[in-house]
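Chain and residue survey
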Amino acid sequence: MSTAPPHTVTLSTHFAQALPEMALPWQAADTPTPTLLLLNTALATSLGLPPLDTPEGLALLTGTHLPEAATPVAQAYAGHQFGNYSPRLGDGRALLLGELTDHNGRLQDLHLKGSGRTPFSRGGDGYAALGPMLREYLLSEAMHALGIPTTRSLAVTTTGRPVHRETTLPGAILARTASSHLRVGSFQFARATNDPDLLRRLADHAIARHHPEATTAENPYLALFDSVVAAQATLISQWMLVGFIHGVMNTDNMTISGETIDYGPCAFLDAYDPTTVYSSIDHAGRYAYGNQPGIAQWNLARLAEALLPLFDDNEDRAVAKALDVLSTFKPRYEEAWTSGMTAKLGLNTTPDTLVDDLLTLLRDNHVDHTSFYRHLATAARGNPEPARSQFLDLASIDTWITRWRAEHPDPDAMDRVNPVYVPRNHLVEEALAAATDGDLTPLHALLKAVTSPYTELPGHDRYAAPAPEDFGAAYQTFCGT
Ligand code: AMP
Ligand code: MG
């Protein structure tokens with residue numbers, strides 16, 4: 001503990017107070033030599049935080065000196081990992097410091113990742129390596145700029161403590177914010193305790209924080225479930241439209257808020273192919289790009305199981321009610337996705353088979369997902385060359401473009417929804433490797449591009465271009481644990 005002056009930051013303790021059974025008071029490990037590497041000043045301002053590039057700021061961002069009233073806790077949760085149930089996961093290398101109130105008056109969790117061992121660490125060291133924390137910062141801020149609900153990254157601080165993985169790497173702490181860290185796995189944990197009061201308190205807390213309109217519904221807990229199904233259907237459609245592969249959609253990595261969480265092995269599609277898997281541990285392709293809607297529904301079924309006793313006293317009736325709501329996931333997802341695809345194509349409605357035929361062509365010709373849609377706006381302006389030159393089967397894409405142009409696509413509308421810049425795998429790897437070696441220039445340049453995804457920046461052509469030929473097929477991502 002330092003002797004820094006009292007904090008001007010206020011951290012509330014709603015979660016810790018409402019759900020003590022799931023909130024283990026815990027302290028962050030000490031940080032030998034904290035160095036602030038990345039700071040999200042816009043986010044800090046929106047949270048009303050004082051300047052953080054100060055000794056007090058660093059103490060907050062590493063959890064070593066907190067406001068007096070703060071109660072940092074490790075959160076308990078359970079979860080299905082790759083389909084297998086673990087009754088006790090929880091924050092093994094993370095801490096919830098407390099809640100901030102943003103400029104809209106909403107609570108935002110302030111959470112640290114890489115802050116040391118906790119009672120949930122099992123065999124892990126509780127620490128995080130710099131590369132994966134920078135990766136989360138980059139990817140989550142890119143998602144936010146794309147307009148996709150996500151946890152946010154506030155800062156990355158190196159600790160001065162090396163961490164040992166296959167090699168020795170610099171250690172770091174990510175400070176992130178989220179509208180909460182309630183997950184499907186939080187409900188699985190509460191249900192497994194067989195304490196109906198705990199489950200109800202957790203659901204009431206979730207309703208108050210995320211879906212307050214459920215309070216006045218005839219069946220508030222079913223309304224909560226319905227809201228989560230709706231939020232996830234929209235979220236997954238946004239992932240699919242932008243080509244985001246989460247990579248580890250375990251039930252402990254799916255939020256109740258509908259925010260994207262846990263940027264481990266995630267990556268953006270290069271060539272469009274529904275079977276794409278980048279994660280080195282996803283051998284069976286459970287979390288392949290094209291499987292994400294189905295997996296989301298599977299996870300929501302696990303949430304329904306956890307909530308069952310709150311739906312109805314009679315189990316058969318509870319199951320029937322749960323299935324009723326769960327069955328809305330697919331149509332909701334499809335509606336959101338279809339309307340998103342229609343917008344990507346610059347249309348108001350899409351004629352039958354136009355989209356399906358395009359997706360078949362994109363897959364068969366290994367076409368770069370992101371740049372294709374952006375180039376297609378150029379085709380709508382009369383120059384099809386940039387889009388068509390990505391295809392081997394020119395006759396088929398020419399026919400398709402002719403059909404599509406007959407629908408009068410609006411290229412300006414397309415440019416508002418089809419990003420120029422996403423965090424492309426080869427650029428992310430380049431930026432993280434340089435940063436780990438002490439050069440932050442490529443990381444800052446990439447951050448600049450991906451946080452302005454819809455606006456072309458002068459001199460940034462290489463950030464919009466597909467991966468070089470020799471990068472790609474064998475690309476793998478890692479959990480960063
Ligand atoms: P994740 O894959 O990040 O969702 O983590 C799954 C579980 O493993 C969570 O309970 C984490 O807290 C835990 N975990 C991941 N990395 C570590 C680590 N280095 N030390 C301790 N626990 C970890
Ligand atoms: Mg996780």
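Everything numeric in this text was worked out from a predicted model, so none of it was measured. (Residues numbered from 1 in each chain as written. Chains lettered and ligands numbered in written order. Predicted model: local features only at pLDDT ≥ 70, side-chain atom pairs only at ≥ 80, totals over all residues. Heavy atoms only, no water.)

What follows deals with the overall build of the protein chain. Of the regular secondary structure elements, the protein chain holds 18 helices and 11 strands. The C-alpha radius of gyration of the protein chain comes to 23 Å, within 12% of the 23 Å expected for a compact globule of 481 residues. Residue burial in the protein chain is summarised as follows: out of 481 residues, 57% are buried. Counting contacts in the protein chain only where the partners sit at least 6 residues apart, residues at least 24 apart contribute 71% of the total. Entry remark: accessible area of the protein chain is about 19,600 Å², with carbon and sulfur atoms responsible for 53%. The protein chain carries 33 positive and 53 negative side-chain charges, and their two centres are separated by 2 Å. (Helix = DSSP H or I, 4+ residues; strand = E, 2+ residues; numbered from the N terminus. Rg over C-alpha atoms; globule rule 2.2 N^0.38 Å. Buried < 20%, exposed > 50% of the residue type's maximum accessible area, 1.4 Å probe, protein only. Contact = heavy atoms within 4.5 Å. Areas by Shrake-Rupley, 256 points an atom, 1.4 Å probe, with all protein chains shown as cover. Lys, Arg positive; Asp, Glu negative; His and termini not counted. Charge placed at Lys NZ, Arg CZ, Asp CG, Glu CD.)

This part covers the environment of Pro384. Mapped onto the secondary structure, Pro384 falls in the loop between α12 (369–380) and α13 (385–388). Judged by its relative accessible area of 28%, Pro384 falls in the partly exposed class. Those residues in contact with Pro384 that sit more than four places away from it in its chain are Ala379 and Ile401.

Before going further, it helps to examine the site of ligand 1. Close to ligand 1 lie 18 residues, the nearest being Gly90, Gly92, Arg122, Gly126 and Asp262. The contact in question runs from an oxygen atom of ligand 1 to an N or O atom on the backbone of Gly92, over 2.7 Å. Note that an oxygen atom of ligand 1 is positioned 3.1 Å from one of the side-chain N or O atoms of Asn253. When isolated, ligand 1 has an accessible area of 480 Å², and the protein chains bury 89% of it. Class assignment of the residues belonging to the shell around ligand 1 gives a composition of 3 nonpolar, 8 polar and 7 charged. Mapped onto the domain boundaries, the shell around ligand 1 takes at least three residues apiece from domain 1 (14–178) and domain 2 (184–339). (Near = heavy atom within 4 Å. Polar contact = N/O pair within 3.5 Å; in protein donor to acceptor, adjacent residues only side chain to side chain. Nonpolar A, V, L, I, M, F, W, Y, C, P; charged D, E, K, R; others polar. Domains from an automatic or database assignment.)

Let us now look at the domain arrangement of the protein chain. Domain boundaries assigned for the protein chain yield domain 1 (14–178) and domain 2 (184–339). Here the C-alpha centre of domain 2 lies 23 Å away from the C-alpha centre of domain 1. The interface is formed by 36 residues belonging to domain 1 together with 37 residues belonging to domain 2. Of the roughly 3,000 Å² buried at the junction of domain 1 and domain 2 (both faces included), carbon and sulfur atoms supply 63%. A salt bridge links Lys113 to Asp262; its shortest N-O distance comes to 3.5 Å. Our enumeration of links across domain 1 and domain 2 arrives at 15 residue pairs in polar contact (both at pLDDT 80 or more). Among the secondary structure elements, those contributing two or more residues to the side of domain 1 that touches domain 2 are α1 (14–18), β4 (79–81), β7 (107–113), α4 (130–145) and β9 (168–178). Among the elements that make up the side of domain 1 that touches domain 2, the one with the highest residue count is α4 (5 residues). (Buried area = accessible area lost by both parts, 1.4 Å probe. Salt bridge = Lys/Arg side-chain N within 4 Å of Asp/Glu carboxyl O.)

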